Amino acid sequence: MSVERRETPWTEAKPQTRFKAGEGLEAALLVVPGVALMLLFIVWPTLNAFWLSFHRENLLGTSREWVGLTNYAEMLKDPAFWRSVGATFVFAAVVAPVQLVLGLVAALMVARPFPGVGLFRTLFFLTTAVPTAVAAVAWGWFLHPVGGTLNRALEAIGLSRQPWLTSPELALPALAVLTAWAGVGFTAILLTAGLQQIPEELYEAARIDGAGSWTQFWRITLPLLSPTLFLVALLILLSSLTAFGQIHLLTRGGPMESTTVWIYRVYQDAFFNFRFYYASAQAVALFLVLLLLAALQFRFFGRKVHYG
Amino acid sequence: MVSLPHWLARPLFYLGLGVYAFLLVLPLLNLFAASFKSDGELFAPGLWPTHPTLEPYQEALQKYPLARYLLNSLVVAVGTTLGVLLVSATLGYALARIPFAGQSALFGFVVAMLLIPGEVTFLPLYLLVQQLGWLNSYTALIVPFIASPLGIFLLRQFIKSLPQDLFDAARIDGAGHLRMLWHIALPLAAPALGALAALTFLGAWNMYLWPLVTINRSEMMTAQIAVAQVQNVEVTSWNVVAATAILVLLPTLIAFLLAQRFFIRGIALGGLKG
């Protein structure tokens, strides 16, 4: 007969049982490699990131010297740094709402089953399978000044062609839209999962009370989906703050540095301007911003672990 | 909102779906169409080529060792996936099923690691990999990423939720932890492993910044970086660039179409963490 068993919550320590002979070795075999890898490739680089940011190359470039907070002081006075921070937040501020709305529309259409739903789910979730470099090339061609479909379409309805990726005003928003597009599948998957958790009975009750689909959306769907929406918005923000591949591939930070976002400046300073330690300080600053957002997300997912 | 007559609502719904799906997929269709256009037809109006040709593919494959780049990416993605599954299953099992001193502290540590934004520690990681002599190798692209806090966390949660009775019975039969992990936990955790595998494969296949800085020998380049390289050289031959991109897209696209539910589950788990 099985004994009545209660699930212990994850924060509570399990009752300790005695080890059998050889079990300590088995346990060590299972635990030690993973922990060692995490210490070496996550903990050590994270600590070292801070340590490096307090140094600077010496004049010969042969070794490094301790400079304390000099890199940070310089960074705070560096207009190029602040331009990259500004570009990053403009970029994120376009990506997040566009991706959220595009994904929500897709999720609303395919959350409930109907004949043919499988095909449309596949199509709406498809961008998940598209690598960043491929998405970038697809949009590079889509926005092409001469052969691009978008410019042809604009011309067909009487508007003029736009130099999407070569104009300092348009390049950053254009990259943001392509990033949002590439994330639609991801967003739609998470929001579909969120929508499917809303009990169908609520909609039935609302229909019986005579509520139309518009009322149902504002009174049931949106309020009940809002925790998921908030979480997904945070995830989008987190990933858009470190978007790199599409920028490297399509604009190389230009034109006129208009798409040199935070992480792109870190990459450039470290590998092209030979300022590895100054780049480290900028990376640490970005790290702290991301950590703050991750901590916010953590509050939500912590709750999900408890009650979800 | 005025409600529509019933006979009209359904066709309109499908029309809306179709238009939305078409617009979302349009940039990809456009790329696909370009990859079958000859040089002469590339800039002619019209989405579809009137005389589809395989020339762009032939040119891309002749001028660039794309097979090698795709193989590199495949080795990296499969290697990373297997490594992540191994580490996540072993450590996840230990955290869920083996009582040892400091277990809850270690689990707390794994959860804290989840918070660390890995994209931003690439500079110190680069120095480390350089000191280890791993630049320009598969090792550099695989080993730093096989201890995945997310994977360990997911597997720990999943194995923890399995019925204790199964493990008790095996224990009475004299099974040790390795056997219980292999014969009980892993078969039952197959859905979680599948989802984690899909998520990891996708992430490794898509890596961009890390291979860009750690690989500079041409024969070790991954497919993503190869796309950037081809795009950089073939400034006007967008059909060749498109053909390259389509070839790089195919593996993940096919994997996605075949194992869609694992990808969806993986993303739902990874995003909402449980």
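Residues numbered from 1 in each chain as written. Chains lettered and ligands numbered in written order. Predicted model: local features only at pLDDT ≥ 70, side-chain atom pairs only at ≥ 80, totals over all residues. Heavy atoms only, no water.

## Here we look at the overall build of chain A
From N to C terminus, chain A includes 13 helices and 2 strands. By the burial criterion, 51% of the 308 residues in chain A qualify as buried. The contacts of chain A with a sequence gap of at least 6 include a subset with a gap of at least 24, amounting to 63%. Carbon and sulfur atoms form 68% of the exposed surface of chain A, whose accessible area is close to 14,800 Å². (Helix = DSSP H or I, 4+ residues; strand = E, 2+ residues; numbered from the N terminus. Buried < 20%, exposed > 50% of the residue type's maximum accessible area, 1.4 Å probe, protein only. Contact = heavy atoms within 4.5 Å. Areas by Shrake-Rupley, 256 points an atom, 1.4 Å probe, with all protein chains shown as cover.)

## Let's talk about the overall build of chain B
When helices and strands are tallied, chain B shows 14 helices and 0 strands. Walking chain B from its N terminus toward its C terminus, one meets helices and strands in the order α-α-α-α-α-α-α-α-α-α-α-α-α-α. A globule of 274 residues ought to have a C-alpha radius of gyration of about 19 Å, yet chain B, at 24 Å, is considerably larger. Across its three principal axes, chain B shows a C-alpha extent of roughly 75 × 65 × 35 Å. Out of the 274 residues in chain B, the part that is buried amounts to 57%. Sequence-distant contacts in chain B: of pairs separated by 6 or more residues, those separated by 24 or more amount to 71%. (Rg over C-alpha atoms; globule rule 2.2 N^0.38 Å.)

## Description of the domain arrangement of chain A
Residue and element names in this part refer to chain A. Along its sequence, chain A is carved into domain 1 (23-53) and domain 2 (77-307). Distance between the C-alpha centres of domain 1 and domain 2: 33 Å. With 5 residues of domain 1 in contact, the opposing surface of domain 2 contributes 7 residues. Buried area between domain 1 and domain 2, both sides added, is near 480 Å², and the carbon and sulfur share of it is 84%. On the domain 1 side of the interface with domain 2, the three residues burying the most area are F50, L52 and S53, jointly 80% of the side's total. At the boundary of domain 1 and domain 2, one finds 0 residue pairs in polar contact (both at pLDDT 80 or more). (Domains from an automatic or database assignment. Buried area = accessible area lost by both parts, 1.4 Å probe. Polar contact = N/O pair within 3.5 Å; in protein donor to acceptor, adjacent residues only side chain to side chain.)

## A few points about the packing of aromatic side chains
According to the stated counting rule, one finds 37 aromatic pairs over all chains in the structure shown. Their ring planes at 75 degrees and their centres at 5.5 Å tell us that Y267 of chain A and F272 of chain A sit as a pair that is edge-to-face. Among the aromatic residues, ring-to-ring pairing joins F244, Y264, Y267, F271, F272, F276 and Y277 of chain A together with F122, Y126 and Y208 of chain B into one connected group. The positively charged end of R275 of chain A is found above the aromatic ring belonging to Y278 of chain A, 4.2 Å away from the centroid. Just above the ring of F262 of chain B sits the side chain of R261 of chain B; from NZ or CZ to the centre is 4.7 Å. (Phe/Tyr/Trp six-rings, centres within 6.5 Å; stacked < 30°, edge-to-face > 60°. Lys NZ or Arg CZ within 6 Å of the ring centre and 35° of its normal.)

## A few points about the pattern of salt bridges
Two side chains bearing opposite charge may form a pair once their charged atoms approach each other closely. All names here are of chain A. Scanning all chains against the criterion turns up 10 salt bridges over all chains. For the salt bridge of R56 with E74, the shortest nitrogen-to-oxygen distance reads 2.8 Å. Of this pair, R56 sits in strand β1 (residues 55-57) while E74 sits in helix α2 (residues 70-77); the two residues are 18 residues apart in sequence, bridging distant segments of the chain. On the accessibility criterion, R56 (21% relative accessible area) is partly exposed. For E74, a relative accessible area of 26% corresponds to the partly exposed category. Between E200 and R207 there is a salt bridge; the shortest N-O distance is 3.5 Å. Residue E200 is classed as partly exposed on the basis of its relative accessible area, which comes to 28%. Linked by salt bridges that have partners in common, R56, E74 and R275 make up one network. (Salt bridge = Lys/Arg side-chain N within 4 Å of Asp/Glu carboxyl O.)

## Things to note about the interface of chain B and chain A
Taken together, the contact pairs 102 residues of chain B with 102 residues of chain A. Taken together, both faces of the contact between chain B and chain A bury some 9,100 Å²; the carbon and sulfur share is 77%. Counting across the interface, chain B meets chain A through 0 salt bridges. If you tally residues by element for the side of chain B that touches chain A, the top one is helix α1 (residues 6-34) of chain B, at 16 residues. Its residues assigned to classes, the side of chain B that touches chain A comprises 77 nonpolar, 17 polar and 8 charged. (Nonpolar A, V, L, I, M, F, W, Y, C, P; charged D, E, K, R; others polar.)

## Focus: the confidence of the model for chain A
Residue and element names in this part refer to chain A. Across chain A, the average pLDDT comes to 87, with 89% of residues at or above 70. Note that pLDDT drops below 50 for residues 1-18; the model gives that stretch 21 contacts with residues more than four away or on any other chain. Across residues 303-308 the pLDDT falls below 50, and counting only partners more than four positions away or on other chains, this stretch makes 8 contacts in the model. (pLDDT = per-residue confidence, 0-100.)

## A closer look at the packing of helix α9 (residues 177-188) of chain B against helix α10 (residues 190-206) of chain B
Residues and elements named next belong to chain B. The geometry of α9 relative to α10 is characterised by a closest axis approach of 4 Å and an angle of 65 degrees between their N-to-C directions. Taken together, α9 and α10 sit at an angle that is classed as roughly perpendicular. Between α9, through L186, P187 and L188, and α10, the contact on the second element is made entirely by A190, P191 and L193. Tallied by class, residues from the contact of α9 with α10 come to 6 nonpolar, no polar and no charged. (Axes fitted to C-alpha atoms, helices over the stretch in contact; angles between N-to-C directions. Parallel < 35°, antiparallel > 145°, perpendicular 65-115°, else oblique.)

## So, the nonpolar core
Within the largest apolar cluster, 199 residues are counted, with the highest numbers of intra-cluster contacts made by F124 and L249 of chain A together with Y93 and W210 of chain B. At 13 residues, the largest contribution of residues to this core is made by helix α3 (residues 79-110) of chain A. Both domains that furnish three or more residues to this core are identified here as domain 1 (23-53) and domain 2 (77-307) of chain A. Non-local contacts of L249 of chain A, meaning those with residues more than four positions away in its chain, are made with A133, A136 and V137 of chain A together with Y208, V227, A228 and Q231 of chain B. (Core = buried A, V, L, I, M, F, W, Y, C linked by side-chain atoms within 4.5 Å.)

## Details of a nonpolar patch on the surface
A surface patch of nonpolar side chains, amounting to about 460 Å² of accessible area, comprises L12, L15, V19, F22 and L23 of chain B. Within the secondary structure, F22 of chain B is located in helix α1. (Patch = residues over 30% accessible without salt bridge, like charges linked within 9 Å, V, L, I, M, F, W, Y side chains within 5 Å.)

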